[in-house]
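Residues per chain are reported as follows:
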Amino acid sequence: MGKFRLLDLVKPCMCVLPEVSTPDRRIPFREKILWTGISLFVFLVCCQIPLYGISANKSTDPFYWMRVILASNRGTLMELGISPIVTSGMVMQLLAGSKLLEVDQSVKEDRMLFQGAQKLFGMVITLGEAMAYVLSGMYGPVKDLGAGNAILIILQLFCAGVIVLILDELLQKGYGLGSGISLFIATNICETICWKAFSPTTMNTGKGPEFEGAVIALFHLLISRSDKFTALKEAFYRQTAPNITSLFATVLVFFFVIYFQGFRVDLAVKNQRVRGQMGSYPIKLFYTSNIPIILQTALVSNLYFFSQLLYKRFKANMIVNMIGQWQETEITGQSIPVGGLVYYISPPHSFGEVWDDPIHALFYVVFILVSCALFSKAWIDVSGSSARDVARQLREQQLMMPGYRDSDLPKVLNRYIPTAAAFGGACIGALTIVADFLGAIGSGTGILLAVTIIYEYFEKICKEEGQGAAFMF
Amino acid sequence: MALLWLLAVPAIAAKKNQSDGDDSAMLFFLLAMLSCLLLPWTLAVLWYFLFPGHAEVAKAFPTTIEGSRVRLCSTQAMQERREADMRRLKSRHISAGFASQRGEFKRLVLLVLLWCWLLYIVVQVRQVLATSALYQNFDPYAILEVGGTSSSSQIKKAFHKLSLKYHPDKNPDTAAAEKFILIKKAYDALTDPVAKRNYRLYGNPDGPTRVELSVALPSVDKEKQGLVLVLFLLLFVIGVPLTLLYCMQSTSIDQNGLPRITNEVLQNGLGDTMDVRAVQELLLRASAGETKARDDHADLRKQLSAAGATFVRKRPEDAEDEARLQQAEALFWAHLLRRTDLLEIDLLEPALMHWEMTCKALLQLAAKKGFSQTLHSTLDVFRGLVQAIEPSGKGAGALLQIPHFTSEQVRMWQKRNKKYATFPTFLSMPSQERSTALSTEELGLTGNQRADIEEFVACAPQMQIQASRVFVQGEEEICIGDVATLELRLLRANLPEGEAIGSAHTPHFPSAQVREAWWVTFRLPGRGKSGVSVCSRIADGSREFVAHIRFRVPLAGKCRLRLTLSCEAYAGRT
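- If you check an unreviewed UniProt entry, chain A appears there as Translocon Sec61/SecY plug domain-containing protein from Cladocopium goreaui.
- What UniProt records for chain A under Sequence similarities (unreviewed entry) is the sentence "Belongs to the SecY/SEC61-alpha family."

**What about the overall build of chain B?**
Line of reasoning, step 1. On a plain count of helices and strands, chain B comes out with 20 helices and 10 strands.
Line of reasoning, step 2. Across the 574 residues in chain B, those meeting the buried criterion constitute 44%.
Line of reasoning, step 3. For chain B, the share of sequence-separated contacts (at least 6 apart) that also reach a separation of at least 24 residues comes to 70%.
Line of reasoning, step 4. Accessible surface computed for chain B: about 31200 Å², of which carbon and sulfur atoms make up 56%.

**Structural notes on the overall build of chain A**
Line of reasoning, step 1. In terms of regular secondary structure, chain A is built from 17 helices and seven strands.
Line of reasoning, step 2. Every one of the 473 residues in chain A was classed for burial, and the buried ones make up 46%.
Line of reasoning, step 3. Partitioning the contacts of chain A with sequence separation of at least 6, the portion at a separation of at least 24 is 63%.

**Side note on the UniProt feature "transmembrane region" (unreviewed entry) in chain B**
Line of reasoning, step 1. Under the UniProt annotation, "transmembrane region" (unreviewed entry) lies at residues 24–50, 108–129 and 227–247 of chain B.
Line of reasoning, step 2. Secondary structure content for residues 108–129 of chain B is 100% helix and 0% strand, and the end C-alpha separation is 31 Å.

**Thoughts on the sheet that holds strand β7 (residues 399–400) of chain A**
Whenever strands of a sheet pair, they do so through backbone hydrogen bonds, lying parallel or antiparallel.
All names here are of chain A.
Line of reasoning, step 1. One open sheet holds the three strands; their spatial order is β4-β3-β7, and the pairing between them is antiparallel. Of all strands in the sheet, those with a lone pairing partner are β4 (278–284) and β7, marking the two edges.
Line of reasoning, step 2. The sheet contact formed by strand β3 (residues 264–271) and β4 spans seven bridges and is antiparallel. Looking at β4, one finds that Leu267 is bridged to Tyr281.

**Re the packing of aromatic side chains**
Line of reasoning, step 1. This structure, assessed with the given rule, holds 16 aromatic pairs over all chains.
Line of reasoning, step 2. Relative to Tyr187 of chain B, the ring of Phe159 of chain B lies with its centre 4.0 Å away and its plane at 5°, an arrangement referred to as stacked. Taken together, the residues span a long stretch of sequence, with Phe159 of chain B in helix α7 (residues 152–166) and Tyr187 of chain B in helix α8 (residues 174–191) at a distance of 28 residues.
Line of reasoning, step 3. On the accessibility criterion, Phe159 of chain B (10% relative accessible area) is buried.
Line of reasoning, step 4. For Tyr187 of chain B, a relative accessible area of 15% translates into the label buried.
Line of reasoning, step 5. Feature note: the residues Phe256, Tyr259, Phe260, Phe263 and Phe286 of chain A constitute an aromatic cluster, connected by ring pairs.
Line of reasoning, step 6. The lysine or arginine in question, Lys460 of chain A, covers the ring of Tyr457 of chain A, its NZ or CZ lying 5.6 Å from the ring centre.

**Considerations on the sheet that holds strand β4 (residues 463–472) of chain B**
Residues and elements named next belong to chain B.
Line of reasoning, step 1. Judged by pairing direction, the sheet is antiparallel, and its three strands sit side by side in the order β4-β5-β9 without closing on themselves. A single partner strand is all that each edge strand has here, and the edge strands are β4 and β9 (544–552). Between one strand axis and the next, the sheet turns through 20° on average, direction left out of account.
Line of reasoning, step 2. Alignment of strand β5 (residues 483–492) against β9, held across nine bridges, turns out to be antiparallel. Along β9, the bridge assignment pairs Leu490 with Phe545.

**Comments concerning the pattern of salt bridges**
Line of reasoning, step 1. Tallied over the full model, the rule gives 11 salt bridges over all chains.
Line of reasoning, step 2. Asp380 of chain B serves as the salt-bridge partner of Arg383 of chain B, at 2.8 Å between the closest nitrogen and oxygen. With Arg383 of chain B and Asp380 of chain B both in helix α16 (residues 372–387), this residue pair falls three residues apart, about one helical turn.
Line of reasoning, step 3. Taking relative accessible area as the criterion, Arg383 of chain B reaches 5% and is therefore assigned buried.
Line of reasoning, step 4. Overlapping salt bridges bring together Glu19, Lys119, Glu169 and Lys173 of chain A as one network.

**Overview of the packing of helix α4 (residues 108–135) of chain A against helix α5 (residues 142–175) of chain A**
All names here are of chain A.
Line of reasoning, step 1. At their nearest, the axes of α4 and α5 sit 9 Å apart, and the two run at 150° to each other. Looking at the two axes, α4 sits roughly antiparallel to α5. Considering only the axes of α4 and α5, their crossing is right-handed. Of the residues in α5, those in contact with Lys119, Gly122, Met123, Thr126, Leu127, Ala130, Met131, Val134 and Leu135 of α4 are Val142, Leu145, Ala150, Ile153, Ile154, Leu157, Phe158, Gly161, Val162, Leu165 and Glu169.
Line of reasoning, step 2. Each residue belonging to the contact of α4 with α5 can be placed in one class, and the counts come to 15 nonpolar, three polar and two charged.

**A look at the side chain of Arg543 of chain B**
Line of reasoning, step 1. Examined against the element boundaries, Arg543 of chain B turns out to sit in the loop between β8 (531–538) and β9.
Line of reasoning, step 2. In contact with Arg543 of chain B, not counting residues within four places along its chain, are Leu490, Leu491, Arg492, Leu495, Pro496, Glu497 and Glu499 of chain B.

**Observations concerning helix α16 (residues 409–438) of chain A**
All names here are of chain A.
Line of reasoning, step 1. Between its first and last C-alpha, α16 extends 43 Å over 30 residues, near the 44 Å set by a 1.5 Å rise per residue.
Line of reasoning, step 2. Along α16, the sharpest change in direction is near 30° and occurs at Arg415; proline Pro418 comes one to four residues later.
Line of reasoning, step 3. Downstream of α16 by a residue or two, Gly439 has a phi angle that is positive, lying close to 80°.

**Description of the confidence of the model for chain B**
Residue and element names in this part refer to chain B.
Line of reasoning, step 1. Residue-level pLDDT values for chain B average 74, and 77% of them are 70 or greater.
Line of reasoning, step 2. Put simply, helix α1 (residues 2–15) is where chain B has its lowest mean pLDDT, 42, and helix α2 (residues 24–50) is where it has its highest, 85.
Line of reasoning, step 3. Within the model, the stretch residues 1–22 combines pLDDT values under 50 with 36 contacts to residues more than four positions away or in other chains.
Line of reasoning, step 4. This stretch, residues 95–100, has a pLDDT under 50; its non-local contacts, to residues over four places away or in other chains, come to seven contacts.

**Details of a nonpolar patch on the surface**
Residue and element names in this part refer to chain B.
Line of reasoning, step 1. Where nonpolar side chains cluster on the molecular surface, the patch consists of Leu227, Val230, Leu231, Leu233, Leu234, Val237, Ile238, Leu242 and Leu245 and spans about 860 Å² of accessible area.
Line of reasoning, step 2. Looking at where Leu234 falls in the secondary structure, it is placed in helix α10 (residues 222–249).
Line of reasoning, step 3. Leu234 sits in the partly exposed class, given a relative accessible area of 43%.

**Considerations on the environment of Ala217 of chain A**
All names here are of chain A.
Line of reasoning, step 1. Within the fold, Ala217 resides in helix α7 (residues 214–224).
Line of reasoning, step 2. When its relative accessible area of 0% is taken as the criterion, Ala217 is described as buried.
Line of reasoning, step 3. Once the C-alpha coordinates of Ala217 and Ala235 are considered, the two residues, 18 residues apart in sequence, prove to be 6.5 Å apart.
Line of reasoning, step 4. Among residues more than four places away in sequence, those in contact with Ala217 are Phe211 and Arg238.

The rules behind these values
- Residues numbered from 1 in each chain as written.
- Chains lettered and ligands numbered in written order.
- Predicted model: local features only at pLDDT ≥ 70, side-chain atom pairs only at ≥ 80, totals over all residues.
- Heavy atoms only, no water.
- UniProt positions renumbered as here; feature names shortened; annotations may be inferred.
- Helix = DSSP H or I, 4+ residues; strand = E, 2+ residues; numbered from the N terminus.
- Buried < 20%, exposed > 50% of the residue type's maximum accessible area, 1.4 Å probe, protein only.
- Contact = heavy atoms within 4.5 Å.
- Areas by Shrake-Rupley, 256 points an atom, 1.4 Å probe, with all protein chains shown as cover.
- Pairing = 2+ DSSP bridges.
- Phe/Tyr/Trp six-rings, centres within 6.5 Å; stacked < 30°, edge-to-face > 60°.
- Lys NZ or Arg CZ within 6 Å of the ring centre and 35° of its normal.
- Axes fitted to C-alpha atoms, helices over the stretch in contact; angles between N-to-C directions.
- Salt bridge = Lys/Arg side-chain N within 4 Å of Asp/Glu carboxyl O.
- Parallel < 35°, antiparallel > 145°, perpendicular 65-115°, else oblique.
- Left-handed = near helix turned anticlockwise from the far one by under 90°.
- Nonpolar A, V, L, I, M, F, W, Y, C, P; charged D, E, K, R; others polar.
- Expected span 1.5 Å × (residues − 1).
- Bend = angle between axes of the 7 residues up to and from the residue.
- pLDDT = per-residue confidence, 0-100.
- Patch = residues over 30% accessible without salt bridge, like charges linked within 9 Å, V, L, I, M, F, W, Y side chains within 5 Å.

In structure tokens form, the structure reads like this:
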């Protein structure tokens with residue numbers, strides 16, 4: 001080898017890493033569905049099993065906004081969700097992209113080592129995160145838990161994390177459809193939506209029991225109330241729990257996203273080595289998918305977090321006040337922004353609020369659209385999907401565009417990709433605003449994620465069945 | 001939690017009868033879920049009963065393809081076939097998803113039972129509504145005994161009147177004291193600004209009360225909790241894995257709809273240069289294991305053999321397999337020789353459908369591997385199957401495809417009309433001449449039968465290659481190694497403008513849905529004697545269309561390609 005490489009350090013660990021062996025034959029479609037179902041079942045069961053040894057927690061959930069995206073369930077084995085896989089995947093991609101880690105993806109051994117390293121890293125992150133959760137007192141102070149319980153919790157979280165890693169590998173190696181990450185995210189979101197629509201939980205606020213599930217509540221209100229019109233009105237517009245309007249909004253957003261998914265520009269490409277072999281390279285409107293909205297959410301929540309922290313300590317400081325002023329609401333005791341920059345980037349909650357302070361609403365919309373567009377444009381450079389990178393990939397596959405010289409490829413792609421990225425990012429932002437304003441269940445980001453994933457699955461299943469049909473004519 | 005709950009619904013439903021009374025929330029939940037399930041289901045069932053198989057028939061027999069009217073061969077036999085097909089599609093669809101009539105019945109019973117349950121719940125809900133205090137809302141207008149639109153002075157008056165009656169000073173009864181508190185609350189809710197706001201927002205003039213959360217589950221006794229847990233455990237630990245195992249086992253059918261064993265036999269038995277007989281044998285061997293043998297059919301086989309049947313040369317060693325193969329052979333040859341009258345068993349239809357599928361798989365395989373000779377032999381067998389003629393071209397041959405032509409008539413025809421003794425020449429014969437030739441008494445055809453023949457001639461394909469060219473997409477000239485495209489402009493000369501062909505004329509085949517597809521094959525020269533064949537299927541039913549076939553250019557220099565265009569459904573059309 002001569003030169004020392006970071007990747008070779010993984011070699012001794014390869015034999016102890018759990019691994020799913022690659023299938024030795026083509027897995028039939030039905031079997032794939034079956035494996036996908038099994039992994040989903042294991043995941044869902046893990047989502048329901050509470051952690052052993054934790055003390056009851058009443059504190060507010062600091063990671064609420066991430067739960068949907070990371071498919072995690074509080075207080076269960078899936079506390080960490082898929083965050084270890086995602087983090088390790090992203091970090092390894094960054095390392096490989098920045099050439100800190102030298103990988104030759106065309107060599108089989110290197111690929112294996114890279115995958116092994118990613119898995120190892122994922123396990124280390126799982127362990128680290130589990131320890132951080134326990135030590136930071138998420139499950140009550142460590143003193144109360146005792147050392148034995150603390151270690152038990154860490155072990156539980158670690159095992160669950162390894163199971164998720166293996167499930168993901170199982171699906172990705174061709175036994176199932178798609179990747180574990182997207183499957184689990186989509187399931188989590190769909191579960192939330194179903195739960196909000198059909199939840200049997202009741203709450204009694206003094207008006208008599210009321211169902212949490214929107215559809216159940218509609219039936220219940222219509223039957224039990226004497227005045228049917230107000231009952232209907234309440235079922236459609238109640239603010240305390242999911243209502244029918246938000247259910248409709250969810251469906252509407254679903255269809256909207258599916259419709260926009262199909263928007264794309266097909267660039268004709270041809271093979272250099274095999275002349276006459278034509279193909280097309282599609283550039284989708286949602287070029288960066290839902291990344292911009294995820295990044296934007298991350299930014300805003302961090303801003304909220306720090307602003308809230310600062311405002312508690314230094315209420316009199318002018319700069320702190322300019323960033324954000326907070327107030328606790330009467331009923332729930334939640335802090336909401338009432339002034340400063342944070343207020344202007346927080347969504348207005350009702351038409352009344354928009355009417356009272358149109359500047360706020362306008363600023364919010366502009367902020368979301370612009371930030372999403374910018375994040376989207378920035379992401380293509382980071383993730384290696386910019387015009388130059390795509391041109392390089394095409395060249396590696398010996399593809400070129402008819403009518404253009406090879407060196408012109410980035411220029412041609414540059415005409416489409418940044419525009420698609422920026423405009424697509426803005427569209428995603430707009431969709432999220434609309435979804436959140438209509439009160440769509442599962443948040444705009446969540447629905448976007450779910451729809452993109454389900455659409456991918458739909459395309460995959462169509463392709464698989466198409467292959468079967470082609471064989472049958 | 002959400003998932004567990006959804007899964008738990010049936011378990012709860014089973015135990016619902018034990019619990020009573022106080023689970024009113026549970027009743028509402030069940031009511032909502034049941035109605036959400038039953039309404040669409042019932043509508044769907046009603047729809048199927050009213051319009052059975054509507055979509056299936058439209059898919060199997062479309063009326064237009066890309067705007068042109070579909071021409072279906074309307075000879076008497078074919079019309080009957082089509083009607084039978086439609087009837088079968090319709091009857092099959094009533095029992096959507098279930099193969100047998102019993103499954104259909106079970107489904108209906110389940111539906112009715114669920115409806116009964118729903119009705120029972122509705123009755124219970126009515127009782128609960130009538131008795132339970134939970135659902136009598138706090139309505140200040142009703143308590144003050146005034147209308148919903150009363151003015152404040154009226155409310156005041158009513159309040160005074162009622163307080164005179166129920167005030168603890170006037171009325172010593174304890175119930176009256178409680179009533180007075182309620183009246184005061186109602187009065188406040190309508191007059192006092194703070195109480196009014198609270199009432200509007202939270203439904204209670206005292207402001208928000210503590211929110212009580214509960215789940216609409218029936219309360220289970222302490223002793224029975226263990227039982228419930230065990231039931232859950234059984235469901236998850238045993239039920240789910242068993243279902244998965246069951247699903248695993250039933251995957252012995254491959255993606256092309258054939259059993260895996262059959263596919264394996266086909267894969268192994270496929271050769272480069274198979275003649276018609278070899279293909280027949282492969283076909284019979286591949287699908288002989290499908291049905292159990294009922295009889296050795298010795299007499300029948302003897303008769304068929306005399307009529308020209310050839311049996312498989314390589315016999316299986318196992319006696320059971322041998323019997324099955326013999327039965328398959330008997331069926332096969334009885335169909336091809338049109339001697340189905342000799343058959344005493346009714347296994348022919350499923351066997352034919354199965355052979356058709358196997359043949360199609362074989363065609364696909366041969367085309368993929370570029371075995372053009374095997375492909376042509378398979379095509380011969382396929383045509384033989386759908387038209388019930390001998391694949392090897394022996395006997396009366398392709399003319400038997402003409403409706404009402406038996407071998408007797410074919411012989412007569414060939415003797416009298418030497419010039420038009422083959423199938424293509426029969427089709428291209430001037431119509432005047434043909435009708436006079438057909439109406440000779442020796443053939444013994446009635447007027448209706450002659451009309452059928454004319455109809456058949458109008459539908460039978462007369463494919464013409466209008467133009468063909470070879471080019472490389474996006475390039476000026478053709479070089480070695482390029483992916484060239486062969487463009488064929490084809491015309492069905494038998495169809496008038498604005499029509500497209502539907503399924504082929506197959507009166508002896510159980511299905512009226514055999515498509516009139518074509519196969520293009522040509523051989524590309526290679527270095528020395530080597531070369532590859534290109535086989536491609538064209539399944540366009542339009543009158544005029546363009547087909548594109550792509551292939552790799554093997555050699556430099558000029559080269560002529562010999563195209564063979566053969567029809568999948570009719571013999572003698574190449």
